[in-house]
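The primary structure of each chain is shown beneath.
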Amino acid sequence: MLISTVAIGQTAEQKEIIDDAKKAKTAFAETDPGITKLFASAEGYVIFPNVGKGAYVVGGAAGNGVVYENGNLVGMAKLRQVDIGLQVGGQAFRQVIFFKSEAALNRFKGGNFELAGNASAVVLEQGKAASIEFRDDVAVVTMPKAGAMVEISVGGQKFEYEDLN
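This structure is a prediction, so every number in the text was calculated from the model and none was measured.

## Comments concerning the overall build of the protein chain
Consideration 1: When its secondary structure is counted, the protein chain shows 3 helices and 5 strands.
Consideration 2: Helices (α) and strands (β) of the protein chain occur, in sequence order from the N terminus, as α-α-β-β-α-β-β-β.
Consideration 3: Buried positions account for 41% of the 165 residues belonging to the protein chain.
Consideration 4: Looking at the protein chain alone, contacts between residues at least 24 apart form 73% of all its contacts between residues at least 6 apart.
Consideration 5: Accessible surface, the protein chain: about 9000 Å² in total, of which carbon and sulfur atoms supply 53%.

## Describing the pattern of salt bridges
Consideration 1: Taken as a whole and assessed by the stated rule, the structure comprises 2 salt bridges.
Consideration 2: Between Lys15 and Asp19 there is a salt bridge, and its shortest N-O distance comes to 3.0 Å. With a gap of 4 residues between them, Lys15 and Asp19 both fall in helix H1 (residues 12–31), about one helical turn apart.
Consideration 3: Residue class for Asp19 comes out partly exposed when judged on its relative accessible area of 27%.
Consideration 4: In this structure, Lys109 engages Glu69 in a salt bridge whose closest nitrogen and oxygen atoms are separated by 2.7 Å. Within this pair, whereas Lys109 is found in helix H3 (residues 102–109), its partner Glu69 is found in strand E1 (residues 44–69), the two being separated by 40 residues in sequence.

## With respect to the side chain of Ser101
Consideration 1: One can find Ser101 in the loop between strand E2 (72–99) and H3.
Consideration 2: You can call Ser101 buried: its relative accessible area is 18%.
Consideration 3: At 3.1 Å, the side chain of Ser101 and the backbone nitrogen of Ala104 are in polar contact.
Consideration 4: At 2.9 Å, the side chain of Ser101 and the side chain of Asp137 are in polar contact.

## Points about the nonpolar core
Consideration 1: Phe28, Ile35, Phe39, Ile47, Val96, Phe98 and Val141 are the most contacted members of the largest nonpolar core, which has 22 residues in total.
Consideration 2: Secondary-structure elements contributing two or more residues to this core are H1, helix H2 (35–41), E1, E2 and strand E5 (138–163).
Consideration 3: The leading source of residues in this core is H1, at 6 residues.
Consideration 4: Formed by 20 residues, the second largest nonpolar core is a distinct cluster that contains Val51, Leu105, Phe159 and Tyr161.

Thresholds applied
Residues numbered from 1 in each chain as written. Predicted model: local features only at pLDDT ≥ 70, side-chain atom pairs only at ≥ 80, totals over all residues. Heavy atoms only, no water. Helix = DSSP H or I, 4+ residues; strand = E, 2+ residues; numbered from the N terminus. Buried < 20%, exposed > 50% of the residue type's maximum accessible area, 1.4 Å probe, protein only. Contact = heavy atoms within 4.5 Å. Areas by Shrake-Rupley, 256 points an atom, 1.4 Å probe, with all protein chains shown as cover. Salt bridge = Lys/Arg side-chain N within 4 Å of Asp/Glu carboxyl O. Polar contact = N/O pair within 3.5 Å; in protein donor to acceptor, adjacent residues only side chain to side chain. Core = buried A, V, L, I, M, F, W, Y, C linked by side-chain atoms within 4.5 Å.

This is the structure we're talking about:
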């Protein structure tokens, strides 16, 4: 008898994204163990384990992620980004967005959440977790996976949220 590893209510694609998010969380912690404090203290966070970005003047990025509230899996998310400006190349990266307050997490879960073009992200390296700052109770951390990209661009990221209940 074949037993499925997909939890009730989760598609095979969602299960794969959830597994990748767990690996990404481990990679973040291995790069800088100080980030584990943020994972533990945040009201919630969303992990995008694989965001792909490419550009030649006009660029875009996309990725799927997993949303946690108080450490518990609550939903799935989609990231979409369009940039216009001087840029060329392609890259893959991981991204985590931390929510310091329930209100910030609820804004994300409410739909139509956007990070403005002036939102800054910390590129995680050893010892960088201590310098992560929250703006409007939101902090963004990225970790390059592969590729090379040169860009001076404006734009923002837009997100969609889907509850798993």
